[in-house]
Amino acid sequence: MAAVEHLAQQRLTHVQDSLAIRIGDSLDPSAQPSRPAALAALELLAEALSGPLYGATLELWAAARTDEDLRRQLVPAEERVHAELREVCRVWITTDPVLIQLTLDLLLGRGVSGMLVPHPPKWQRDVLERWIDTVVGGRVAG
């Protein structure tokens, strides 16, 4: 479990470093990120919440459902990872707490649904673009 948490932390660091490289210092901390910056963040988070590491995490979650010792260890680790995921969303995608949670729910569900039968790349891209348009539209309408 410690190895999975360590790898999850490495993937989050990769997301943050990749965003810094893609976007550079162009993000004004007092302003909302642009659509391209938000979409880049969403794509990187989607990548981090899929694949073999995500599969191993899901297996741990399932095992923790009936193993109390594992659950006691896993819950604090997952809380730390989710706090960092929320922060990436807050900085790069939206400051709205409901949209942050919906974004993470979308990405987590997307990771699960694509495990056995991967979604076509164009479909995956369309989903992420539609979500960013929804979030950006929510900024304007909210």
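Residues numbered from 1 in each chain as written. Predicted model: local features only at pLDDT ≥ 70, side-chain atom pairs only at ≥ 80, totals over all residues. Heavy atoms only, no water.

Q: Give a detailed account of the overall build of the protein, specifying residues and quantitative values.
A: A tally of helices and strands in the protein yields 6 helices and 0 strands. Each helix and strand of the protein, ordered N terminal to C terminal, gives the series α-α-α-α-α-α. Buried residues in the protein amount to 37% of all 142 residues. In the form shown here, the protein has an accessible surface area of approximately 8200 Å², with 60% of it arising from carbon and sulfur atoms. (Helix = DSSP H or I, 4+ residues; strand = E, 2+ residues; numbered from the N terminus. Buried < 20%, exposed > 50% of the residue type's maximum accessible area, 1.4 Å probe, protein only. Areas by Shrake-Rupley, 256 points an atom, 1.4 Å probe, with all protein chains shown as cover.)

Q: Describe the packing of aromatic side chains, listing the residues and the values that go with them.
A: Applying the stated rule across the entire model yields 1 aromatic pair. Summarising the aromatic geometry, the rings of tyrosine 54 and tryptophan 61 are spaced 6.3 Å apart at their centres and angled 85 degrees between planes, so their arrangement reads as edge-to-face. Using a relative accessible area of 30% as the deciding quantity, one classes tryptophan 61 as partly exposed. (Phe/Tyr/Trp six-rings, centres within 6.5 Å; stacked < 30°, edge-to-face > 60°.)

Q: A description of the pattern of salt bridges should follow, citing residues and the corresponding values.
A: A complete count under the given rule lists 8 salt bridges for this structure. Of the charged contacts, one joins glutamate 129 and arginine 35 as a salt bridge, the two residues approaching to 3.8 Å between their closest N and O atoms. Of this pair, glutamate 129 sits in helix H6 (residues 121-141) while arginine 35 sits in helix H2 (residues 35-48), and the two are 94 residues apart along the sequence. A residue is classified by how much of its surface remains accessible, and glutamate 129, at 26% relative accessible area, is partly exposed. Close ionic contact of aspartate 133 with arginine 35 constitutes a salt bridge, the shortest N to O distance being 2.7 Å. Of the two residues, aspartate 133 is situated in helix H6 and arginine 35 in helix H2; the sequence distance between them amounts to 98 residues. Take aspartate 133: its relative accessible area is 40%, and that puts it in the partly exposed class. A single network of salt bridges, built from pairs that share partners, joins Arg35, Glu43, Arg125, Glu129 and Asp133. (Salt bridge = Lys/Arg side-chain N within 4 Å of Asp/Glu carboxyl O.)

Q: Give a description of H2 that names residues and reports values.
A: End to end, H2 covers 20 Å across 14 residues, agreeing with the expected 20 Å (1.5 Å per residue, within 8%). Burial within H2 is extensive, with 10 of its 14 residues counted as buried. For H2, the complete set of buried residues consists of Ala37, Ala38, Leu39, Ala40, Ala41, Leu42, Leu44, Leu45, Ala46 and Ala48. (Expected span 1.5 Å × (residues − 1).)

All quantities given are derived from atomic positions and should not be read as evidence of function.
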